[in-house]
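Structural description and commentary
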Amino acid sequence: MAKKLVLLCFLLSVFLSLPLKGQRQEQITLQLIPYPQKLVFGEGTFFSEHPDVVFSGTSSEEEKILMNELRSSWQTINRKKKISGKDVIFIQKIREGEVSVSGGYDLEIRPERIIISANNDEGLFYGVQTLNQITASCVGKALPCLKIKDYPRFSYRGMHLDVSRHFFDTEFIKKQLDVIASYKFNRFHWHLTDGAGWRIQIKEYPLLTEVAAWRPAPTWKEWWNGDRRYCRQDILGAYGGFYTREDIKDVLEYARSKHITVIPEIEMPGHSEEVLAVYPELSCSGEPYKNGEFCIGNENTFEFLETVLDEVISLFPSKYIHIGGDEANKEAWKKCPKCQQRMKDEGLKSVDELQSYLVHRIEKYLNSKGRELLGWDEILDGGLSPNATVMSWRGEKGGIQAVRMGHDAIMTPGEYCYFDAYQDNPSGEPEAIGGYLPLKKVYSYNPVPDSLTLEESKRILGVQANLWVEYISTQKHVEYMLYPRLLALSEVAWSNLDNKSWTRFRLAANRHVAWLWDKGINAHPIANGVVMSQIVDTLKREIRVSFECDRIPSEIRYTLDGSEPTLHSTLYSVPVSVKDSAEITVALFGRGKQLTRSQKYKVYYHKGIGAKVTYKLPYSDHYKAACEYTLTDGHTGGNSYGDGKWQGFSGDMDCIIDLGKITDIHTIEVNFMQQPGPWIWFPEWTEIWISDDGKEYSCLNRIDNPVGRDTEGMMIRNFGYNGYAKARYIRYKAHQVPKEGAYMFVDEINIR
């Protein structure tokens with residue numbers, strides 16, 4: 001009797017766990033990235049371990065591709081010729097107009113079948129990607145009945161990878177194509193040539209791959225800090241590589257099966273040191289290792305470039321050929337007789353116009369071959385070519401300018417799209433070039449500037465992530481920097497603005513990171529620490545400190561006595577109020593263990609908050625922060641010099657703080673940041689002067705910088721004072737070694 005009762009209870013529990021017919025499914029959370037434009041849940045569920053697949057209107061090649069994609073969700077799956085019975089996935093290509101946007105699709109899940117419809121192969125492919133994410137969200141469970149109508153916001157959804165500074169083989173490239181295709185990216189920008197190495201076989205110029213593809217240093221940094229020479233492959237310690245024509249064809253065919261267009265980049269006129277080392281007659285000096293820019297006055301330059309482009313065009317079917325066009329050092333052209341003669345003959349007034357001459361001429365040549373020119377926004381300098389498309393990386397200004405001139409633009413500003421920046425607290429991350437670009441900031445980007453009209457905005461073709469690999473030498477490090485930030489950009493590129501939700505995406509991204517790990521992708525774990533923010537309340541004379549972390553599940557625990565947090569420390573739930581000073585130590589915990597290293601934050605409601613600051617030398621227009629309130633607003637800068645808390649100086653710093661009355665001073669803390677990659681250095685020296693009347697000053701302290709300018713990593717250092725003094729005015733001076741394009745970044749002037 002007891003056994004019968006146990007069996008009855010078991011059967012009852014199984015019955016109760018099954019979804020009831022007509023039961024609504026809104027409670028199911030689908031972890032979809034990018035999120036569909038329209039999703040409506042229905043009633044009931046679909047469940048089948050071995051569904052049948054029926055195709056209509058598709059080619060045999062595409063059917064094979066889609067079957068392979070579906071096997072990531074169902075290992076055993078069969079094809080049928082006709083729809084009959086239940087447990088069927090029906091994939092149909094429909095008439096033009098029913099799903100109007102290229103790449104768009106409809107997906108419907110019914111209790112008896114799943115239907116994917118699109119008017120092109122790309123749409124069917126994306127419909128299958130969404131279905132795969134639905135099955136992953138409901139692994140081992142029934143799929144909720146629903147209807148999805150989906151289409152991309154932008155036609156251009158790109159990812160760029162630099163393979164010049166470090167070479168990555170074709171298998172790795174194809175592995176990344178797998179991932180980006182699953183998130184509905186459709187462009188792969190392949191940065192094949194640059195000063196650190198030439199990576200594509202050119203039959204007419206064999207030295208490009210015999211010598212210019214190899215260097216005697218395994219990392220870009222060693223090569224850059226050394227003599228920047230090239231070598232032959234067979235010398236001991238040679239590092240490099242190149243793609244043969246067969247390699248290129250292999251990658252292109254693989255990309256085509258994933259509905260990804262590969263856009264090659266052949267750099268010109270700058271970033272061409274490797275070419276000019278082996279073919280020095282194409283440089284202004286005529287000598288190797290003297291110039292990095294082609295001689296535009298030399299007709300042989302154009303013969304070389306057109307021959308190279310002919311071979312590139314013969315391989316790549318893409319509409320666009322990217323010519324770079326960025327960061328050319330134009331000094332050699334000013335002194336070169338051939339370039340000066342070209343300027344005279346063509347009536348060119350500046351070296352900017354000389355570069356524009358090359359861009360125009362190359363564009364005309366590409367157009368004659370049925371292709372179009374794509375270049376970084378420097379191709380605007382000196383006048384833009386008639387049909388060129390601009391890739392705007394120096395902020396959005398270049399894209400806006402191009403659009404208003406009637407050209408198409410692709411937005412890829414460094415602030416949101418350069419994935420070589422740190423994505424977490426730099427102290428716990430592998431070395432990066434600098435900057436700070438966390439997941440949330442990538443997700444916040446809108447590629448269409450508010451200043452554009454509706455008609456102008458139609459010329460914004462899309463958005464692209466760029467990964468430059470100066471400091472990224474391994475495959476695992478590449479993946480660590482790309483993912484999950486690329487997932488955030490996939491939703492920027494695909495989903496309409498009113499369809500985005502950081503709360504929903506954050507939850508989904510955590511789940512997707514685990515899926516990527518399962519697939520052997522070395523994705524960043526969302527967060528290796530916590531982020532602090534502050535609210536300064538001058539009425540209550542307090543600072544309220546908040547912490548957040550995007551990793552789920554996790555919890556933040558903290559101490560206020562300088563000790564290390566443990567599982568038993570205070571659980572953070574509300575902002576911490578600081579009336580005077582506090583040393584807050586925080587760490588992330590989850591699943592019964594500490595997940596991250598602890599982080600210490602010193603917070604002071606100091607005597608200088610709200611004090612007037614007079615600048616005797618200007619701060620940078622590019623990094624104003626809170627302008628004249630920055631240095632005494634109570635806000636401590638974070639991990640990024642671009643976070644609006646750090647103030648930048650492109651020259652020396654000299655300012656005066658007026659405390660309003662003579663005040664006892666024990667400590668003056670002034671933090672500076674150093675990141676050698678983007679040319680951010682500590683000051684060479686600082687001086688602190690004090691005065692009672694603002695007229696007569698005495699020097700309180702001078703600090704010479706003990707840290708070398710080539711010291712690796714991101715550092716923050718205090719150039720301040722400890723002791724005892726009385727003063728109303730504090731004059732703070734900082735001197736940097738002059739270098740065009742370099743900056744000093746300073747934080748709060750903390751007076752206690």
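Placed above this text is the structure.
Here goes a summary of the coordinates provided. (Residues numbered from 1 in each chain as written. Predicted model: local features only at pLDDT ≥ 70, side-chain atom pairs only at ≥ 80, totals over all residues. Heavy atoms only, no water.)

It is worth spelling out the environment of Gly383 at this point. Its location among the elements puts Gly383 in the loop between strand 16 (372-376) and strand 17 (389-392). The class of Gly383 is partly exposed, set by a relative accessible area of 29%. Residues Gly383 and Ala625, spaced 242 residues apart in sequence, show a C-alpha to C-alpha distance of 33 Å. With near-sequence residues (within four places) excluded, Gly383 lies in contact with Ser356 and His360. (Helix = DSSP H or I, 4+ residues; strand = E, 2+ residues; numbered from the N terminus. Buried < 20%, exposed > 50% of the residue type's maximum accessible area, 1.4 Å probe, protein only. Contact = heavy atoms within 4.5 Å.)

Three- or four-residue spacings in an α-helix give side chains the same orientation, since the helix completes a turn every 3.6 residues. For helix 13 (residues 397-404), the full list of buried residues reads Gly398, Gly399, Ile400, Ala402 and Val403. Tucked inside the fold, the buried residues of helix 13 contact strand 17, strand 18 (409-411), helix 16 (454-457) and strand 19 (460-467). Among the residues trailing helix 13, Gly406 stands out with phi positive, at a value near 90 degrees.

Glancing now at the pattern of salt bridges. Within the structure shown, the criterion is met by 45 salt bridges. Taking the shortest distance from any N to any O, the salt bridge between Lys579 and Glu542 comes out at 3.3 Å. Of the two residues, Lys579 sits in the loop between strand 24 (576-578) and strand 25 (581-590) while Glu542 sits in strand 21 (residues 542-548), which places them 37 residues apart along the sequence. It is possible to trace a salt-bridge network through shared partners that takes in Asp162, Arg165, Asp194 and Glu470. (Salt bridge = Lys/Arg side-chain N within 4 Å of Asp/Glu carboxyl O.)

The next subject is the sheet that holds strand 20 (residues 531-537). Spatially, 20-21-24 is the arrangement adopted by the three strands of the open sheet, whose pairing is antiparallel. Where the open sheet ends on each side, the last strands, each with one partner, are strand 20 and strand 24. Averaged over all adjacent pairs, the angle separating strand axes in this sheet is 25 degrees, with direction ignored. Bridge count for strand 21 against strand 24 is three bridges, and the pairing is antiparallel. If you follow Val545 over to strand 24, its bridge partner there is Val576. (Pairing = 2+ DSSP bridges. Axes fitted to C-alpha atoms, helices over the stretch in contact; angles between N-to-C directions.)

What follows covers the packing of aromatic side chains. Summed over the entire model, instances satisfying the criterion amount to 37 aromatic pairs. Summarising the aromatic geometry, the rings of Tyr416 and Tyr445 are spaced 4.6 Å apart at their centres and angled 20 degrees between planes, so their arrangement reads as stacked. Within this pair, whereas Tyr416 is found in helix 14 (residues 414-417), its partner Tyr445 is found in the loop between helix 15 (439-443) and helix 16, the two being separated by 29 residues in sequence. According to the relative accessible area criterion, Tyr445 is buried, its value standing at 2%. The structure contains a cluster of three or more aromatic residues connected by ring pairs, namely Trp220, Trp223, Trp224, Tyr230, Tyr289 and Tyr471. When the ring centre of Tyr289 is taken as origin, the NZ or CZ atom of Arg229, which lies over that ring, is 4.0 Å away. Between Lys441 and the ring centre of Tyr416, over which it is positioned, the NZ or CZ distance is 5.5 Å. (Phe/Tyr/Trp six-rings, centres within 6.5 Å; stacked < 30°, edge-to-face > 60°. Lys NZ or Arg CZ within 6 Å of the ring centre and 35° of its normal.)

Read around the barrel, eight strands follow the order 8-9-14-15-16-17-18-19 and close on themselves; strand pairing throughout is parallel. Averaged over neighbouring strand pairs, the angle between their axes works out to 30 degrees when direction is ignored.

In this section: the pairing of strand 4 (residues 88-93). Pairing between strand 2 (residues 52-56) and strand 4: five bridges, direction parallel. In the sheet register, Asp52 faces strand 4, and the bridge partner there is Val88. Note that strand 4 and strand 6 (residues 113-118) share six bridges and pair parallel. Each residue of the ladder has a partner; that of Lys93, found in strand 6, is Ala118.

Our focus in this paragraph is unusual backbone geometry. Of note, the amide linkage connecting Met268 to Pro269 takes the cis form, showing an omega dihedral of -10 degrees. Considering the arrangement of structural elements, one finds Pro269 in the loop between strand 14 (261-268) and helix 8 (273-278). Residue Pro553 is reached from Ile552 by a cis peptide bond, and omega for that bond is -5 degrees. Counting through the fold element by element, Pro553 comes out in the loop between strand 21 and strand 22 (555-559). The phi dihedral of Tyr289 is positive, around 65 degrees, even though this residue is not glycine. By secondary structure assignment, the location of Tyr289 is in the loop between helix 8 and helix 9 (299-315). Positive phi, close to 55 degrees, is recorded for Glu327, a residue that is not glycine.

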